[in-house]
Amino acid sequence: MKLKSILGAAALILTAIPAFADDIMVHDAYARSASPSAMAGGAFMAIMNHSDTDDRLIEVRSDVAKRVELHTHIDAGDGVMQMRRVEDGFAIAAGETHMLQRGGDHVMFMGLNQSFVQGDMLPVTLVFENAGEVEIEIPVDLERQAEMGDMSHGDHSN
Ligand SMILES: [Cu+2]
């Protein structure tokens, strides 16, 4: 994974294409934690790939937490949903939108360096296999309702 991102960064420099910045668009991002004292939080957003090339979100970096991971929920049987770390990231096909949402794929902040306060803006770098680094600011929204139900996230965060 590291090697891939280094190669991706090298390719970015060699080709030096300004259009890269517009190939990935992030909409409707928000972050939340289960409570003000929670040790973990999640981030959710719609990622649009406007390029002609399939891409992949392979890493997320931020100083707001000690570790930032890509997670998904899997059905562990009997309708019990569990969170799992996704090692090879989230594929975002050319021209497609990939939703990060509660109960599904999401960004997980583990070991928060700061409490999530309503309205705060969290600086986050998304790292894509092809598009490279995309820097965004994600607003904290503790009141936002889940689109698909909150499920096991509360357990994990508390
Ligand atoms: Cu998670």
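Up top is the structure these notes are about.
What you are looking at is a predicted structure, and each value in this text was computed from that prediction instead of being measured.

Visitor: Could you clarify how one ought to interpret the pairing of strand E1 (residues 24-33) in this entry?
Guide: Here is the key point about a regular strand: its side chains alternate between the two faces of the sheet. In this structure, E1 lies alongside strand E2 (residues 40-49), joined through eight bridges in antiparallel fashion. Within E2, the residue paired with Ile24 across the bridge is Asn49. If you look at the hairpin formed by E1 and E2, you'll find six residues sitting between the two strands.

Visitor: Sorry if this is basic, but what is going on with the nonpolar core here?
Guide: Soluble, globular proteins show a tendency: their nonpolar side chains are buried together. Of all hydrophobic cores here, the largest spans 29 residues; its most connected members are Met45, Leu57, Val107, Phe109, Leu126 and Phe128. Those elements giving two or more residues to this core turn out to be E1, E2, strand E3 (55-61), strand E4 (65-75), strand E6 (90-92), strand E8 (106-112), strand E9 (121-128) and strand E10 (132-139). Non-local contacts of Leu126, meaning those with residues more than four positions away in its chain, are made with Val26, Met45, Leu57, Glu59, Val60, Gly132, Glu133, Val134 and Ile136.

Visitor: Looking at this structure, I do not really get the pattern of salt bridges. What am I missing?
Guide: Pairs may arise between side chains of opposite charge once their charged atoms sit close together. Per the stated rule, a full pass over the model turns up five salt bridges. The closest approach of N and O atoms between Glu69 and Arg85, which form a salt bridge, is 3.8 Å. Taken together, the residues span a long stretch of sequence, with Glu69 in strand E4 and Arg85 in strand E5 (residues 81-85) at a distance of 16 residues. Arg85 gets classed as partly exposed once you look at its relative accessible area, which sits at 48%.

Visitor: I keep staring at the coordination of the copper ion and nothing clicks. Help me out?
Guide: Reference values for angles at a metal are 109.5 degrees in the four-donor tetrahedral case and 90 or 180 degrees in the six-donor octahedral case. Protein coordination of the copper ion is provided by His71 (ND1), Met83 (SD), His106 (NE2) and Met108 (SD), with donor distances spanning 2.1 to 2.3 Å. One can describe the donor arrangement at the copper ion as tetrahedral, given that its four donor atoms subtend angles of 85 to 133° at the metal. Mapped onto the sequence, the residues coordinating the copper ion show the spacing H-x11-M-x22-H-x1-M. With a gap of 25 residues between them, Met83 in strand E5 and Met108 in strand E8 connect regions that are remote in the sequence. Overall, Met83 belongs to the buried group, its relative accessible area being 16%.

Visitor: Looking at this model, I keep getting lost on the sheet that holds E9. Mind explaining?
Guide: Two orientations exist for strands paired in a sheet by backbone hydrogen bonds: parallel and antiparallel. The strand order across the open sheet built from four strands is E6-E3-E9-E10, with neighbouring strands paired in antiparallel fashion. If you trace the sheet from one side to the other, it starts and ends with E6 and E10, each paired once. With direction set aside, neighbouring strand axes in the sheet form an average angle of 35°. Relative to E9, E3 runs antiparallel, the two being bridged by four bridges.

Thresholds applied
Residues numbered from 1 in each chain as written. Predicted model: local features only at pLDDT ≥ 70, side-chain atom pairs only at ≥ 80, totals over all residues. Heavy atoms only, no water. Pairing = 2+ DSSP bridges. Helix = DSSP H or I, 4+ residues; strand = E, 2+ residues; numbered from the N terminus. Core = buried A, V, L, I, M, F, W, Y, C linked by side-chain atoms within 4.5 Å. Buried < 20%, exposed > 50% of the residue type's maximum accessible area, 1.4 Å probe, protein only. Contact = heavy atoms within 4.5 Å. Salt bridge = Lys/Arg side-chain N within 4 Å of Asp/Glu carboxyl O. Donors = N, O, S within 2.8 Å, 3.2 Å for Na, K, Ca; no water. Tetrahedral: all angles 85-135°; square planar, octahedral: opposite > 155°, others 65-115°. Axes fitted to C-alpha atoms, helices over the stretch in contact; angles between N-to-C directions.

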